[in-house]
Structure formats: structure tokens, C-alpha cells
Amino acid sequence: MDRLQALSVFVAVAEAESFAQGARASGLSAPSATRAINTLEAHLGARLFTRSTRRVRLTEAGRAYLGEVREILAQLQAADDAASGAANTPVGRLRITCPQEFGRLHVTPLLTDFLDHYPQVEAEAVMLDRIVNLVEEGFDIAVRIGHLPDSELTAVRIGQVRRVICASPDYLARRGHPRTPDDLAQHRLVALAGGAAAREWQLGAAAPQRVSVNARLTVSSVAAAIDVARQGWGLCRVLSYQVGPDLDAGQLVRVLQDHEPAPLPVHLVHVEGRRAAAKVRAFLDFAVPRLRALPVLRGDTERD
């Protein structure tokens, strides 16, 4: 087995955390994949994996090596694409990462339409509520909600969203509308688990105010929090795009709108800039105008 194939096997095993699954992804037998990794480790003089009876895990050296190998393989693929004409024809596998609810509501429907237009492209949408390293984790494009730090990534702004507090009309009829942030102490609150947002909500744009959250119910799912609010149990705080249809249908009502924080920008980001592969350029050309046209991403500057 040549060195390049061994590197591809290494990436496949690392992603699957399994020699057997990595071997299948590479079109090899498990013993062949094991021999390739053993040969690679012997060449490097370093252990890339720790093995157990159930799974394999990258060592510290293996994690560092994985990022470098992915970049090398991506550069090689780009060179092959350019030589074969794929640099101008959308082909291959497009990997996108995005927040879970944004992916469910907007990316998946967009991807199915995109794939209908480009039959030589395959797509994978990985929905994660965390920031991923595009190069190290092998993604082409990411949806980022929030202000972007300085980086070498290329960003295309597609809109903005707000953090909104809402409840059902039935709940507000029974318990009343909160008029100030301090009024939240008299209401049932549904909080999202994890991080500071479960303990306090930041309100206000010009003069931000942190309000302690004494939530009687904490859930780990945005969809669950919205369901609870929709059913009339209490108030939830989510991003405006996540409840856009509920607000339009009157199932939920925004409260404390004058105390909402400043909008959060939404971007599509990718690594390669103007040298991006055709599949990436094609997706951006396809997705950007469609996403910008979504009412929930237009800025929501009007207040009821």
C-alpha cells in the first residue's frame, strides 16, 4: 500500500473510531487497514491510536497529525479537481455544518433543492450546536450565528436574527405580560441547559442588563422549549428564526421587545476564498440569495 492510501486509511479510521468501519469506508479489509496504520506508525515512530476491544481513539500526536493530513489530502484533491476540470464543474461531496434547528428548518430543504440542480454532487449536513474547525474536521461550509472573530475564513453575510422571549397567548392572558425585565421573576421560565444562558439572560441593546433566571424547567432542546411555551406553560427565550412560523401564526407572542439585545449576524463561512472548489462556489451562488430572502433572516427590525 502506498503512502497516500495509508494516509486516507488513517483519516477514515480516525473519523470512524474503528478499524473495521474505517476499512470499509476505504474499500479495504480490516487486516489491510490495520497493517497500513501499523506501517504508518512505524514510519513516524509515534503511536497514532490507542486501541481497546471496543474502539480506537487518537493519541495527542494522532490528533495533531490528523489536521495536517486532512489539509494535505484536501490540497491534493483540489489539484486533481483542477487538472480534471472539476474545478469548474460542481462534483464530489459537500460537507456543511450548522446549528441543529437552523439545519432542520433551512439547510436541509435547501440542500435537497441544490442536489436536484447538481446531480454530480453529494452532500452531508452535520448539525452541531458548537463551533467547529472547518479544516481540522473536514468541512467545506459552515453556518455561523453571532459575531465572527478575526480569522482567515471567507464569510458571506446572509442576514441577522434576534434573541426573543415569547409565550403563548393563553399563558399571557392568564399570567399577564411582563413589562420590564424585573417582571420575569414573577413568571414561569423555560431555560436551555448548558452555559450561562441557563442562569441569566442578557437584555437590552444600548445598555445591556443581565437578568438572573430562576427557571422551574430546564431542557436541552430548543424544540422542546418552544413546545412547552406553545402549550401555554411559560416563557422561553430562543432565536427569532426558531419561532418565526409560530409568531406568524399567532401561536406565540413576543414580549419585552424593547429590551431585546442587538441583532446577531448570520454568515456562511468557508476556507478557500476565491479558490474555492466549484461545488462550494455553486452552493454559495445557490444558497445565499435564497437565505437572504427568508423573512426570519431579514433583520426583524420592526417591533410589534
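Details of the structure are given in the entry above.
No experiment lies behind these values; they were computed from the predicted model shown. (Residues numbered from 1 in each chain as written. Predicted model: local features only at pLDDT ≥ 70, side-chain atom pairs only at ≥ 80, totals over all residues. Heavy atoms only, no water.)

K.L.:
Would you mind going over the packing of aromatic side chains with me for this structure?
P.N.:
When we look at a pair of aromatic rings, we describe it by the centre distance and by the angle of the planes. Per the stated rule, a full pass over the model turns up seven aromatic pairs. Arranged with centres 4.9 Å apart and planes meeting at 40°, the rings of Phe114 and Tyr118 form a pair that is tilted. We classify Phe114 as buried; its relative accessible area is 0%. A relative accessible area of 27% means that Tyr118 is categorised as partly exposed. (Phe/Tyr/Trp six-rings, centres within 6.5 Å; stacked < 30°, edge-to-face > 60°. Buried < 20%, exposed > 50% of the residue type's maximum accessible area, 1.4 Å probe, protein only.)

K.L.:
What's the story with the nonpolar core in this structure? I'm lost.
P.N.:
Soluble globular proteins tend to bury their nonpolar side chains together. Ranked by internal contacts, the top residues of the largest apolar core, which has 29 residues, are Leu94, Leu268 and Phe283. Elements that contribute at least two residues to this core include exactly β3 (92-98), α5 (100-117), β5 (141-145), β6 (154-161), β14 (264-270) and α10 (278-292). Among the elements that take part in this core, α10 stands out by supplying eight residues, more than any other. Apart from residues lying up to four places away in sequence, Leu94 is in contact with Leu111, Phe114, Val121, Glu122, Ala123, Glu124, Asp140, Ile141, Lys279, Val280 and Phe283. In this structure, Ala14, Ile37, Val56 and Val69 belong to the second largest nonpolar core, which totals 21 residues. (Core = buried A, V, L, I, M, F, W, Y, C linked by side-chain atoms within 4.5 Å. Helix = DSSP H or I, 4+ residues; strand = E, 2+ residues; numbered from the N terminus. Contact = heavy atoms within 4.5 Å.)

K.L.:
I tried to follow the sheet that holds β6 on my own but got confused; where do I start?
P.N.:
In a beta sheet, neighbouring strands are held together by backbone hydrogen bonds and run either parallel or antiparallel to one another. Strand order across the open sheet formed by five strands is β4-β3-β5-β14-β6, with mixed pairing between neighbours. Where the open sheet ends on each side, the last strands, each with one partner, are β4 (121-127) and β6. Taking each pair of neighbouring strands and ignoring which way they run, the sheet shows an average axis angle of 20°. Judged from the seven bridges that link them, β6 and β14 form a sheet pairing that is antiparallel. Within β14, the residue paired with Arg157 across the bridge is His267. Of the strands in this sheet, β3, β4, β5 and β6 touch α5, which is tilted by about 175° from β4. (Pairing = 2+ DSSP bridges. Axes fitted to C-alpha atoms, helices over the stretch in contact; angles between N-to-C directions.)

K.L.:
Whenever I open this one, the packing of α5 against α10 confuses me. Can you help?
P.N.:
Each pair of packed helices gets described by two things: the angle between the helix axes and the distance between those axes. Interhelical geometry of α5 versus α10 gives an angle of 125° and a closest axis separation of 11 Å. By the angle between their axes, α5 is oblique relative to α10. Like other packed secondary-structure pairs, α5 and α10 cross with a definite hand, here right-handed. For the pair α5 and α10, contact is made by Phe102, His106, Leu110, Leu111, Asp113, Phe114 and His117 and by Lys279, Ala282, Phe283, Phe286, Ala287, Arg290 and Leu291, respectively. (Parallel < 35°, antiparallel > 145°, perpendicular 65-115°, else oblique. Left-handed = near helix turned anticlockwise from the far one by under 90°.)

K.L.:
Honestly, the sheet that holds strand β7 (residues 163-167) in this entry has me stumped. Any pointers?
P.N.:
Spatially, β11-β8-β12-β7-β13 is the arrangement adopted by the five strands of the open sheet, whose pairing is mixed. The sheet terminates laterally at β11 (217-219) and β13 (253-255), the two strands that pair on one side only. Pairwise comparison of adjacent strand axes, ignoring direction, gives a mean angle of 40° for this sheet. Inspection of the sheet shows strand β8 (residues 189-192) paired to strand β12 (residues 235-239) by two bridges, in the parallel sense. Residue Val190 lies in a different strand from β12, and its bridge partner there is Cys236.

K.L.:
Sorry, what's going on with helix α3 (residues 30-44) here?
P.N.:
Think of an α-helix as 3.6 residues a turn; residues three or four steps apart then line up on the same face. Taking 1.5 Å of rise per residue, the 15 residues of α3 would be expected to cover 21 Å, and the 21 Å separating its terminal C-alpha atoms lies within 8% of that figure. When we look at burial in α3, the residues that qualify are Ser32, Ala33, Ala36, Ile37, Leu40 and Glu41. Of the residues trailing α3, Gly45 is marked for its positive phi of about 70°. (Expected span 1.5 Å × (residues − 1).)

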